Amino acid sequence: MVKCPACSVVFMQGDYQALARHFSKLAEQSDAPHVMWLNRYITYQKQDESALAKLLSDYFDLKGSTLQKWIRQRFVEKFYGEKPHPFVVALQHPSRATLVGYVVEHQHFLRQWVRSCSYIVAKTDKEDVTYYELDNINTEYGGFDGKPSHYELLLRMGESLGLERKRVLETPPLPDTAFALKSWDQMAREGHWVETMAAMHSLELIADRTVARDGAKMTYFDPSILTTSEVTDGTKNFLREGYEADAGHSKEALDLVEKYALELNLVEDVQATFVKSMDLFHMYLLARLERGEKFS
């Protein structure tokens, strides 16, 4: 089915004319989410419905490629294109404020991540997906084979920056983070598990070292900071864990997404949900910067 990437209203499979009509109607009403989505991804210029349908179809067209490559391309365009995301720019050689904002907001994200992955486990009947997500939950939150979890490493990074763990855990998320978390939770509760996998695991591409193959102008951070005294050891330990793990980890997840999106005829649903999740992630990364400016 075709799903609106701004509000998730569903139309018949391949019916981009109906999707264009939907966008046109709401744009005429100056509905902010739909106008912003069109401006961001399709065009700033007003289009008649037929022209808009063609533009929408072109945007979601895999063009003979794979769903995974389409997701990677769109993600890199969004976060690593001509104007990389401001948080990625700040993280190249991060200030203490940037890292503090990272810790305080990201601990909320990781807790929601585990809930979203748990919904996938609860909903799927595919054994390979269940095993993948259980391993993911252990790695991110519970720890695995005697190694600290990513969540624990994040809190230790905070401590290395002078942040008391108690204060980090007691600090509520900023409004934009809270909105994103609520939206991801709704996706996981109400959406198909394949869409949830795409929504959450595509975000791991942010730390994927191989994004340069897709045209990225930089990686998540300048890897030289892992070998100098520019950042604390706790920061190095946290960043290194994601930097070394997520390249293969995100590919494995997106392989599963592609496999079951094709098998279950959910490609268009997955595309729309992924784009919506990508927008939430963009907003959430900005909240990390906002937090760094506020926290002292």
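Cut-offs used in this document
- Residues numbered from 1 in each chain as written.
- Predicted model: local features only at pLDDT ≥ 70, side-chain atom pairs only at ≥ 80, totals over all residues.
- Heavy atoms only, no water.
- Helix = DSSP H or I, 4+ residues; strand = E, 2+ residues; numbered from the N terminus.
- Rg over C-alpha atoms; globule rule 2.2 N^0.38 Å.
- Buried < 20%, exposed > 50% of the residue type's maximum accessible area, 1.4 Å probe, protein only.
- Contact = heavy atoms within 4.5 Å.
- Areas by Shrake-Rupley, 256 points an atom, 1.4 Å probe, with all protein chains shown as cover.
- Lys, Arg positive; Asp, Glu negative; His and termini not counted.
- Charge placed at Lys NZ, Arg CZ, Asp CG, Glu CD.
- Axes fitted to C-alpha atoms, helices over the stretch in contact; angles between N-to-C directions.
- Parallel < 35°, antiparallel > 145°, perpendicular 65-115°, else oblique.
- Left-handed = near helix turned anticlockwise from the far one by under 90°.
- Phe/Tyr/Trp six-rings, centres within 6.5 Å; stacked < 30°, edge-to-face > 60°.
- Salt bridge = Lys/Arg side-chain N within 4 Å of Asp/Glu carboxyl O.
- 1 Å grid on protein atoms, 1.4 Å probe; cavity = no way out; pocket = protein on both sides within 12 Å on 5 of 7 lines; lining within 4 Å.
- Points joined across faces, edges and corners; volume = space filled by probe spheres on them.
- Nonpolar A, V, L, I, M, F, W, Y, C, P; charged D, E, K, R; others polar.

Caption draft 1: Region of the structure containing the overall build of the chain. Across its full length, the chain carries 13 helices and two strands. Whereas a compact globule of 296 residues would reach a radius of gyration of roughly 19 Å, the chain reaches 19 Å, a difference of no more than 12%. Projected onto its principal axes, the C-alpha coordinates of the chain cover approximately 55 × 40 × 35 Å. Taking all 296 residues of the chain together, the buried fraction comes to 55%. Intrachain contacts of the chain at a sequence separation of at least 6 include 75% that bridge at least 24 residues. Carbon together with sulfur atoms contributes 52% to the accessible area of the chain, which is approximately 13300 Å² in total. Taking the average place of the 35 positive charges on the side chains of the chain and the average place of its 43 negative ones, the gap between the two points comes to 3 Å.

Caption draft 2: Focus on the packing of helix α6 (residues 96-123) against helix α8 (residues 150-160). Axis separation between α6 and α8 bottoms out at 9 Å; the angle between their running directions is 155°. Between α6 and α8, the angle falls in the class roughly antiparallel. For the pair α6 and α8, the sense of crossing is left-handed. Seen from α6, the contacting residues are L99, Y102, V103, H106, Q107, L110 and R111; seen from α8, they are H150, Y151, L154, M157 and G158.

Caption draft 3: Structural view of the packing of aromatic side chains. Enumeration over the complete set of coordinates arrives at 25 aromatic pairs. Between W37 and F60, the aromatic rings sit 6.3 Å apart at their centres with planes inclined by 5°, giving stacked as the arrangement. Here the residue W37 occupies a position in helix α2 (residues 32-41), and F60 occupies one in helix α3 (residues 49-60), the gap between them amounting to 23 residues. This pair shows no difference in class: W37 is buried, exactly as F60 is.

Caption draft 4: Structural detail: the pattern of salt bridges. Scanning the entire structure with this criterion turns up 22 salt bridges. Here K217 ties to E82 by a salt bridge, and the two come within 3.6 Å at their closest N and O atoms. Within this pair, whereas K217 is found in the loop between α11 (193-201) and α12 (233-263), its partner E82 is found in the loop between α4 (67-80) and α5 (86-91), the two being separated by 135 residues in sequence. A single burial state applies to K217 and to E82, both of which are exposed. By sharing partners, the salt bridges in this structure join E152, R156, E159 and R165 into a single network.

Caption draft 5: Local environment of the layout of surface pockets. One number sums up the size of the largest pocket: a volume of about 520 Å³. At the level of elements, α2, α10 (175-190) and α13 (267-294) are the ones that each hand at least two residues to the lining of the largest pocket. The greatest single-element share of the lining of the largest pocket, amounting to six residues, is contributed by α13. A per-class count over the lining of the largest pocket returns 11 nonpolar, three polar and four charged.

Caption draft 6: Molecular detail of the packing of α6 against α10. The geometry of α6 relative to α10 is characterised by a closest axis approach of 9 Å and an angle of 5° between their N-to-C directions. Between α6 and α10, the crossing angle belongs to the class labelled roughly parallel. Together, E105, H108, F109, Q112, R115, S116, Y119 and K123 of α6 and T177, L181, W184, D185, A188, R189 and E190 of α10 make up the contact between the two elements. Taken together, the residues of the contact of α6 with α10 sort by class into five nonpolar, four polar and six charged.

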